[in-house]
Amino acid sequence: MATVIERKWHTTAEVAEMLGFGLSKTKMLVLTGEIRSVKIGRARRILPAWVDEYVQRVTTDAEGWAA
């Protein structure tokens, strides 16, 4: 039986793909702190939970507008 190793981090490009955003927009969200990230060396990495956190916050805001 093969062991599946689950990714712990995502790159900015992977997050852009997941959200259906362009890379520039995603980088701006990261730089402004809208999406949390850590810098490891020269690379930015984003936890899956931080992507979920961003989506939750945006959808909660949107639901507030609809009310």
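Each value, and the rule that gives it
Residues numbered from 1 in each chain as written. Predicted model: local features only at pLDDT ≥ 70, side-chain atom pairs only at ≥ 80, totals over all residues. Heavy atoms only, no water. Helix = DSSP H or I, 4+ residues; strand = E, 2+ residues; numbered from the N terminus. Buried < 20%, exposed > 50% of the residue type's maximum accessible area, 1.4 Å probe, protein only. Contact = heavy atoms within 4.5 Å. Phe/Tyr/Trp six-rings, centres within 6.5 Å; stacked < 30°, edge-to-face > 60°. Lys NZ or Arg CZ within 6 Å of the ring centre and 35° of its normal. Axes fitted to C-alpha atoms, helices over the stretch in contact; angles between N-to-C directions. Parallel < 35°, antiparallel > 145°, perpendicular 65-115°, else oblique. Left-handed = near helix turned anticlockwise from the far one by under 90°. Nonpolar A, V, L, I, M, F, W, Y, C, P; charged D, E, K, R; others polar.

**Quick look at the overall build of the protein**
Right, on to step 1. Within the protein, the secondary structure is distributed over 3 helices and 2 strands.
Right, on to step 2. Mapped from its N terminus to its C terminus, the protein presents α and β elements in the order α-α-β-β-α.
Right, on to step 3. Taken across its 67 residues, the protein has 19% of its residues classed as buried.
Right, on to step 4. Taking as baseline every contact in the protein between residues at least 6 positions apart, the subset at least 24 positions apart corresponds to 41%.

**Focus: the packing of aromatic side chains**
Right, on to step 1. Counted under the stated rule, the structure contains 0 aromatic pairs.
Right, on to step 2. Above the face of the F21 ring, K25 is positioned so that its terminal group lies 5.1 Å from the ring centre.

**Regarding the side chain of H10**
Right, on to step 1. With respect to the helices and strands, H10 occurs in the segment before helix 1 (12–19).
Right, on to step 2. With near-sequence residues (within four places) excluded, H10 lies in contact with V15, M18, R44, R45, I46 and P48.

**Points about the environment of F21**
Right, on to step 1. Mapped onto the secondary structure, F21 falls in the loop between helix 1 and helix 2 (23–31).
Right, on to step 2. Sequence spacing of F21 and W9 is 12 residues, and the spatial spacing of their C-alpha atoms is 18 Å.
Right, on to step 3. Once you skip the residues sitting within four places of it in the chain, F21 turns out to touch A16, T26, L29 and Y54.

**Digging into the packing of helix 1 against helix 2**
Two numbers describe a pair of packed helices, the interaxial angle and the distance between the axes.
Right, on to step 1. Orientation of helix 1 relative to helix 2, taken along the N-to-C sense of each, is 110°, at an axis distance of 9 Å. Our classification of the angle between helix 1 and helix 2 gives roughly perpendicular. With respect to the hand of their crossing, helix 1 and helix 2 are arranged in right-handed fashion. Across the interface between the two elements, T12, A13, V15 and A16 from helix 1 touch L23, T26, K27 and V30 from helix 2.
Right, on to step 2. For the contact of helix 1 with helix 2, the per-class residue count stands at 5 nonpolar, 2 polar and 1 charged.

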